[in-house]
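# Examining the three-dimensional arrangement
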Amino acid sequence: MDESRSIKADSRLKTLIENGCKMGHRSLLVILGSETAEQIMVIHHLMSKAANDRPSVLWCHKKGSDVPKQSRKQLKKFEKNLKSGKCNISSENALHLFLLATPIRYCAFSDAKSVLGSTYGMCVIQDFEGLTPNVLCQVIETVKGGGVITIILKKTSLRQLFDIEMDVHNKLKTYSHPNVFPLFNERFVLSLGWCKSCLIMNDQLQVVKELPPLSGPVHPVGSVVIEKQEEFHRRLVELQSSLEDAEKPLPQLIGCCRTVDQAKSLLKMIDMITDKGGRGTVAITAGRGRGKSAVLGFAVAAAIYFGFNNIFVTSPTPDNLRTFYEMVFKGLYSQLGWCKSCLIMNDQLQVVKELPPLSGPVHPVGSVVIEKQEEFHRRLVELQSSLEDAEKSNPTHSLAVAEQLIKLYIDPTDARKLSQAELLVIDEAAAIPLPYVKALLGSYYVLMASTVNGYEGTGRSLSLKLLSQLRQQASGSADSTTATSTDVSANQKLNEVSLKESIRYSDGDPVEKWLNDLLCLDATSLVTQSSTCPPPHSCQLYYVNKGVLFSGNEESEDFLHQIVSLLVASHYRNSPDDLQVLSDAPAHHLFVLLSPIASNMTSLPTVLVVIQISLEGNIGKKVADECKSRGERPSGDLVPWALAAQFSNSGLTKLVTARIVRVATHPDYQSMGYGSRALNLLGEYYRGRHITLDEEQDIPTSPPKNHKEYNFIVPYHSEVPLLSKLEERKPEQVNYMSVSFGVTQPLFKFWKRVGFLPLYISQVSNKITGEHNCVMVHPLVEEEPGESGVVSLPSSMEWVKDSCGEFLRRFIGLLGGPLRNFSPVLALAIIQSHDRYIREKGIDWNELQILVTGHDLQRLERYANNLADRYLINDMFPSLAYLYFMKRLPAVQLSSLQSSIVVGLGLQARTVDTMVKLLDLPVESLLGQLNRAIRRFLKVLSSIQETALALSLPTTTATVAEFTPVDITLEQDLEQAAKDYGIDAKRSQQLSKTSLHHLGDLRKFAVQGDDATWEAALQNSSEVVTIKNKKKPKRLTEAELERELNESAPKKSKGNHKNKKKK
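So, here's what we can say about the structure. (Residues numbered from 1 in each chain as written. Predicted model: local features only at pLDDT ≥ 70, side-chain atom pairs only at ≥ 80, totals over all residues. Heavy atoms only, no water.)

### Some details on helix 24 (residues 674–686)
What counts here: The helix and strand labels rest on DSSP assignments: H or I over at least four residues marks a helix, E over at least two residues marks a strand, and numbering proceeds from the N terminus. For a helix, the expected span equals 1.5 Å multiplied by the residue count minus one. Exposure is judged per residue with a 1.4 Å probe applied to protein chains only, and the accessible area is read against the type maximum: over 50% gives exposed, under 20% gives buried, and values in between give partly exposed. Throughout, a contact is declared for two residues whenever any of their heavy atoms are within 4.5 Å.
With 13 residues, helix 24 extends 19 Å from end C-alpha to end C-alpha; this agrees with the ideal 18 Å at 1.5 Å per step. Summarising burial for helix 24: 10 of the 13 residues are buried, a large majority. The set of residues buried in helix 24 consists of Y674, G675, S676, A678, L679, L681, L682, G683, Y685 and Y686. Tucked inside the fold, the buried residues of helix 24 contact strand 15 (540–544), strand 16 (588–594), strand 17 (607–617), strand 18 (656–665), strand 20 (736–742) and helix 25 (745–753).

### Observations regarding the sheet that holds strand 15
Using the following cut-off: For two strands to be treated as a pair, DSSP must find at least two bridges joining them. All axes are obtained by fitting lines to C-alpha atoms, using only the stretch in contact for helices, and the reported angles, taken between N-to-C directions, cover 0 to 180 degrees.
Pairing in this open sheet of 8 strands is mixed, and the strands run 19-15-16-17-18-20-22-21 from one edge to the other. Among the strands making up the open sheet, the edge pair consists of strand 19 (723–725) and strand 21 (757–765). Strand-to-strand, the axes of this sheet are offset by a mean angle of 30°, without reference to chain direction. Both strand 16 and strand 17 contribute to a ladder of 7 bridges, which runs antiparallel. Its bridge partner being in strand 17, H589 is matched across the sheet by I613.

### Concerning the environment of L205
Position of L205 relative to the elements: it lies in the loop between strand 6 (198–202) and helix 8 (223–242). Assessed through its relative accessible area of 0%, L205 is described here as buried. When the C-alpha atoms of L205 and D10 are compared, they prove to be 6.1 Å apart, with 195 residues separating the residues in sequence. Beyond its immediate stretch of four places on either side in the chain, L205 contacts A9, D10, L13, I31, Q39, V42 and I43.

### Some words on the side chain of E141
The line we're drawing: Any pair of nitrogen or oxygen atoms within 3.5 Å is treated as a polar contact; in protein, a donor-acceptor pairing is required on top of that, and neighbouring residues in sequence qualify only through side-chain atoms on both sides.
By the secondary structure assignment, E141 is in the loop between helix 5 (133–140) and strand 5 (143–153). With a relative accessible area of 1%, E141 lands in the buried category. Reaching out from E141, the side chain makes a polar contact with the side chain of Y505 at a distance of 2.7 Å.

### As for the packing of aromatic side chains
Selection criterion: Between rings of Phe, Tyr and Trp, where Trp is taken as its six-membered ring, a pair exists when centres lie within 6.5 Å; planes separated by under 30 degrees are stacked, by over 60 edge-to-face, and by other angles tilted. By definition, being over a ring means that NZ of Lys or CZ of Arg is both within 6 Å of the ring centre and within 35 degrees of the ring normal.
Evaluation of the coordinates by the stated rule reveals 18 aromatic pairs. Taken together, Y543, F591, Y685 and Y686 form an aromatic cluster joined through their ring pairs. In this structure, R26 packs its charged tip against the face of Y505, placed 3.9 Å from the ring centre. The cationic tip of R729 hangs over the ring face of Y543; the distance from NZ or CZ to the ring centre is 4.0 Å.

What follows is the structure in structure tokens.
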């Protein structure tokens, strides 16, 4: 800038800034030219003059970009020369003087999250090509009322933004869709005319008349408008006056509030932490700039006053808690009189002079230590004071000061440190991954605040998922699984508070309205209500022309907001960047399901379903192999690259898929069949069933542009309709449809019902939702029934069958490891979804013996017959489950409940107690079902074994005897048997008499000896046992002996004589 040249700014600039300071509204300036940076100090000077203050500046830029930044050494040298008089205040060093005297924070776009929770008076944005909608939201909402947002462009005209290539476009390009149409930039330029506090100026600070709505005069605000703004403050004053006589600390802390909503939310939190009946949770949801962080700071100050010992605070980064820290010390120092017991120190125990009132000397009563560490940047440890010292100084504060330890920051991942917590404060909860937020909750007081408009990038995950679970638990209707996952007691109270009044700026801020209209941030409140419910089969699907949708016309804007409202209301992961992806990504297309359109309708009917798809694939095998060899994975084409890597088949990238990015159903029409109807029509469209052969159809490649035909930039009116029937547009060549989502049981059930197959499940859970990513495909071919109930596919889609078998085998193996957290019902549904594509293949005994032996069958038999406990066969569950789900035992038929039990016990190695909780069954019922399943396994396995043994037995050649019928009756047979029995009885009787006659009395052969004698004999180690016969043998005389011999001799001789005589 030359010294002799003076610049006279347009008077409308000064009026605009003054109006913003009076009404508490922000202003938006767009400066065109090459010397835009030099004009920042002029605008800053006008702001300082209007506000009687020197506002701080946030300077946002692309990383590595040139910014007017002076090093600390240069600034010190310039300050030294200025004080010594060696340097004159002139135009050539005015910028140096501005940089020296103004508090400026430089922030790269990639570090925009670090400014959340901070407040500045002015925001400067340069390097427009690196800007994204999410960054735009984050940096603009840090500016307070009366501030100015300045966008500097090194362009001579806004029309040059229509063809500029943004940095984000590199991520939106794909191999088959390399051309990007910057529709978002066109709509951004047109939207500047919607902002009533915006001016387009050149580098001479003169208004540029490219946008007609911004070319008119800027009038000073009147007194009537100012009175309306004062009405909001009057309501707050009345509330504060009504609490003047209340007990401390209510009057002091309520007096710090800036809005009525803020005061009411603070009262709600104080009521909860002073309630002795039970612990509870307060969830604050609001847009940016509503004072959430400030009211949390006041609530913590009240908790400290009431004697809470362990208070923990967490947020995405410690820098987000700057406002929170200030409000905590404001409540303690200014309002509660703790000025003599506070110190702020770093890790070198040196006083940090960030709060001037706390930089002076202190009494040796107690201290509040704020320790700065490198990994956290700010970790506060407060109030380690003894009760005796507190009583000596101020007895009224003894209870609040006594031995309190308040740790005012922990990392969101350090949930294990909360075992002794009494109060937990979570700021910007939507920016923390949802699993971490769930892990942080516990049986203590919780104060939670978050932005729901999507600035943090996770959108409504807090309100749609976590808060809904907390509502169910508070009402006592949550199931056991949900209660376990959130670790929150079911008897906790939930209080929801919404802050609507802005605290950074006054209500009716034009910049806020412009940002909401541009990025559809208030779309959740624009969901249209409908009283009609048409039959799903009568609804039709239409293609949306994106060039017309983002043209900036009033009708198109209404329809765009309606579409975005459904996307935001139906999904929990939303970001302003999604709108730019939808508008600029060349591979993305939109379809909407509408009720029947009558001829006399003057407006479009309510949108029932919105489908956003992305065309992916068509990548040559050679290109895929080159990327694979280099270890690269280009952006885009999510499903083709995932399947090619999963199955090591680079040929899959050549196939074209229509990936369904989102399916959003109107909240009033969910679970009524409209989503399935829309997907079925979409599948028929890509199968070519809606092609009309009467007229030639062309697929539009780019939207029409006619901005250059006018001197002004105005919305163009295209001859292409906003909506096209499916018959009016030729479909792209697509091989299959696909979808990628975080797998849950309800979502998987929906996609399975419409014919999709899972082919990939990530082993690592998503950091935001804690869910595993799942890819499902739907072949766009006619399926014909084949052998054994297996679907027959064309040769071009045979890869689906092969992939199903490979996926099923690997999925079953992973259920015991990375996927063990899946519920058995969900795992069973995933396995059964491949039944139509997996062929049954029996197993023989030789192969079966590798997993199940004959001894194992004996164990199964003992358990099936209730002769053994289940622990005897626990080791066999994995083998049986693998054989069953891989269809190696087709004869085994199990019920769904029995299959779920086999999944849990066999594939996931869960215990019976865990399965009882997951399936909500009594343990007796579960064990009974398990026993029935084992019996069916045993029956089939035994038959396989018997068949194999039968084949191994030798074959016999002997003939089997022929049996002939008898010729007697049963009575005759019985009589003959009785006669035979009588003859045998007489014969045995005669034999016994003869034996008795010859042997005589058998008692004479009895073994001698008593029990004691036998015990003594058996103790002898000899093989021969000897017993001494104590009974003396009978002695016969010679006469007696002769007589016995004579008595026996005649009988023998007599018999012999008779025999001889007969002869």
